[in-house]
Amino acid sequence: MKRCDVAVVGAGPAGSRVARLLAERGFRVALIEEHSEVGRPVHCTGLVSARTLSLLGRVQMLNKVSGVRAFPPEGKPLEIVAHEPKAAIIDRAACDAMLAQEAVEKGAEMMLGKKATEITINESRARIKCHPEGELDARLVIGADGISSAVRRAMGAAPPAELLPAVTAEIPIPVEWRRDLVDIYVGRKVAPGFFAWAVPADKVLRVGLASNPGTQQLALLERLIKKRFGDAPRLSLNAGAIPIGLTERAHGLRSLLVGDAAGHVKPLSGGGIYLGLTCAGLCADAAERALNSDKLSEKGLAGYTRACKREIGKELSRSLKMRKLFVSLTDEDMRVALDLLRPADVVAAVALHGDIDFPSRLAKPVLHRAPGLMRFSPKLLKALL
Ligand SMILES: Cc1cc2nc3c(=O)[nH]c(=O)nc-3n(C[C@H](O)[C@H](O)[C@H](O)COP(=O)(O)OP(=O)(O)OC[C@H]3O[C@@H](n4cnc5c(N)ncnc54)[C@H](O)[C@@H]3O)c2cc1C
């Protein structure tokens, strides 16, 4: 059986980053990934902020976008374009591979094609059995293993409050497509409980949606593609899911959670790369402190959950309020709400203050200019002012 200081389960962006940070601080780190290739299959659209790009380093950028077209269930879209790029589209598979490679370069041992199937944690060790083979004995296990985290189950921690199934397809980018814009489609018949999107990468358009569990995501996606893009061929088709809400705790005895496993995801957009990378930094700091002082009890690691809440909790709780309001809107409400956003001063405020990592920061400037929006939930919206 191999021994190490830290076993990181999952080589997504959060896991690879935490593995790299701990390896470069001198810990013996094993990075366990169930797939034989890091980064595949890809279910992510790869839309990230400039802030995320700087955390990622030398990642390959495929396109930049500076605005959005929001399509109500019926009627004309609302177009909002900023003067400068607001987000970039990256090659997600290459990004994950690069982050994992950086971890290896810093000394982490990569265990590819190994699925952590049995995780037992006790006062003295964390033991991870892998399929098809391999067994690890670690002082600390970090669950960066995504939505169905096995580490989370072993810790006995509850999953995030909601898990929204999502599907995504790539189609050839239409010739007339505005490559500087992202499309958002809302409506209860389009994507109940969330929204659909079309994002231009370099040669392809990434079309996807998430919706309430129990709805037919694939049929909804097919319908959207047919309506907007006719008989465009599907170049790829993938499924995933978006966790909504932080897990109550991201720590346990000799264990920490990071990324999707801990619900480090923006509830309004489903974007998780930025928050996963941010919390990976906090996770590495917490792990380093605990390993150095040998304080690996649940109590000893509790500061990590608090640190994540301090760093991202406020934005997440404001975004959850906005999501609560969004899901309560009928199709007619959505149409009216988009109409209230059409005046030039509101559009200008959204273009200026819009930030995909901190969407709740839009609430104040928008509500001041479009007070008519208050009618949808005065109590909830007042809390955002
Ligand atoms: C359709 C869709 C579109 C999205 N688009 C965007 C976007 O445009 N921008 C954005 O910021 N976010 C987006 N997201 C969210 C983003 O993909 C996730 O938040 C992000 O991947 C989370 O990173 P992570 O490292 O926590 O987990 P993951 O990237 O899910 O990585 C977890 C890794 O753990 C591995 N694993 C799981 N279980 C085990 C096990 N038992 N043993 C070994 N390995 C295991 C998996 O194979 C995987 O490689 C999207 C999500 C979906 C579903």
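Residues numbered from 1 in each chain as written. Predicted model: local features only at pLDDT ≥ 70, side-chain atom pairs only at ≥ 80, totals over all residues.

Caption draft 1: Examining the nonpolar core more closely. Counting 114 residues, the largest nonpolar core has A7, V18, I142, V258 and C283 as the members making the most contacts within it. Examining the composition of this core, we find that twelve residues originate from one element, helix 6 (residues 273–293), more than from any other. (Core = buried A, V, L, I, M, F, W, Y, C linked by C-beta atoms within 7 Å. Buried ≥ 20, exposed ≤ 12 C-beta atoms within 10 Å, placed from the backbone. Helix = DSSP H or I, 4+ residues; strand = E, 2+ residues; numbered from the N terminus.)

Caption draft 2: Fine view of the sheet that holds strand 6 (residues 78–81). Across the sheet, seven strands lie side by side as 6-5-13-14-15-12-16; this open sheet has mixed pairing. For this open sheet the edge positions go to strand 6 and strand 16 (236–244), each flanked by a neighbour on one side alone. The sheet shows a mean angle of 20° between the axes of neighbouring strands, taken without regard to direction. Sheet strands touched by helix 5 (residues 217–229): strand 12 (162–172), strand 13 (181–185), strand 14 (196–200) and strand 15 (204–210). Its angle to strand 12, the strand with the most contacts, is close to 35°. (Pairing = 2+ DSSP bridges. Axes fitted to C-alpha atoms, helices over the stretch in contact; angles between N-to-C directions. Contact = placed C-beta atoms within 7 Å.)

Caption draft 3: Focus on the site of the ligand. By nearness alone, 38 residues border the ligand, and G10, G12, G240, G259 and G272 come closest of all. Elements represented by at least two residues in the shell around the ligand include exactly helix 1 (13–24), strand 2 (29–33), strand 3 (47–48), strand 9 (115–121), strand 12, strand 16 and helix 6. Here the shell around the ligand is built from residues that sort into 17 nonpolar, 16 polar and five charged. Counting contributing residues per domain, the shell around the ligand is built from domain 1 (2–42 + 92–160 + 246–313) and domain 2 (65–88 + 162–243), each supplying no fewer than three. (Near = placed C-beta within 6 Å. Nonpolar A, V, L, I, M, F, W, Y, C, P; charged D, E, K, R; others polar. Domains from an automatic or database assignment.)

Caption draft 4: Layout of the packing of helix 1 against helix 3 (residues 92–105). It is at 8 Å that the axes of helix 1 and helix 3 come closest, and there the two elements cross at 20°. Classed by the angle they form, the pair helix 1 and helix 3 counts as roughly parallel. By crossing handedness, the relation of helix 1 to helix 3 is classed as left-handed. Contacts from P13, S16, R17, A19, R20 and A23 in helix 1 reach C95, D96, L99, A100, E102 and A103 in helix 3. Residues that form the contact of helix 1 with helix 3 fall into these classes: seven nonpolar, one polar and four charged. (Parallel < 35°, antiparallel > 145°, perpendicular 65-115°, else oblique. Left-handed = near helix turned anticlockwise from the far one by under 90°.)

Caption draft 5: Local environment of the pairing of strand 12. For strand 12, a buried count of eight out of eleven residues is recorded, marking the element as mostly surrounded by other parts of the structure. Bridge count between strand 12 and strand 16: nine bridges; the pairing is antiparallel. In the strand pairing of strand 16, T168 is matched with N238. Note: strand 12 against strand 15, seven bridges, orientation antiparallel. The residue of strand 15 that forms the bridge with A166 is A210.

Caption draft 6: Region of interest: the sheet that holds strand 3. Ordered in space as 3-7-4, the three strands form an open sheet in which the pairing is antiparallel. The open sheet terminates on both sides in strands that have one partner only, identified here as strand 3 and strand 4 (61–65). Bridge analysis of strand 3 against strand 7 (residues 87–90) gives two bridges, and the strand direction is antiparallel. From the neighbouring strand, L47 faces strand 7, where its bridge partner is I89.

Caption draft 7: Spotlight on unusual backbone geometry. Cis geometry marks the peptide bond from R40 to P41; its omega dihedral reads 0°. Here the residue pair H131 and P132 is connected by a cis peptide bond, since its omega of 5° sits within 30 degrees of zero. Inspection of the secondary structure puts P132 in the loop between strand 10 (126–131) and strand 11 (135–143). Backbone geometry places R254, a non-glycine residue, at a positive phi of 50°. Examined against the element boundaries, R254 turns out to sit in the loop between strand 17 (251–252) and strand 18 (255–257). We classify R254 as buried; it has 23 C-beta atoms within 10 Å. Even without being glycine, D294 reaches a positive phi, approximately 55°. Looking at the element boundaries, D294 is found in the loop between helix 6 and helix 7 (298–328).

Caption draft 8: Fine view of the domain arrangement of the chain. Domain boundaries in the chain define domain 1 (2–42 + 92–160 + 246–313), domain 2 (65–88 + 162–243) and domain 3 (321–382). The centre of domain 1, based on its C-alpha atoms, is set 30 Å off from the matching centre of domain 2. Facing the nine residues of domain 1 at the interface are seven residues of domain 2. Of the residues that constitute the side of domain 1 that touches domain 2, the class distribution is six nonpolar, two polar and one charged.

Caption draft 9: Spatial organisation of the environment of E123. Take E123: it is sitting in the loop between strand 9 and strand 10. On the basis of neighbour counts, which here come to 8 C-beta atoms within 10 Å, the residue E123 falls in the exposed class.

Caption draft 10: Quick peek at the environment of G26. Relative to the elements of secondary structure, G26 occurs in the loop between helix 1 and strand 2. Accessibility expressed as a C-beta count within 10 Å gives 12 for G26, which makes it exposed. When the C-alpha positions of G26 and A287 are compared, they lie 12 Å apart, and in sequence the two are 261 residues distant.

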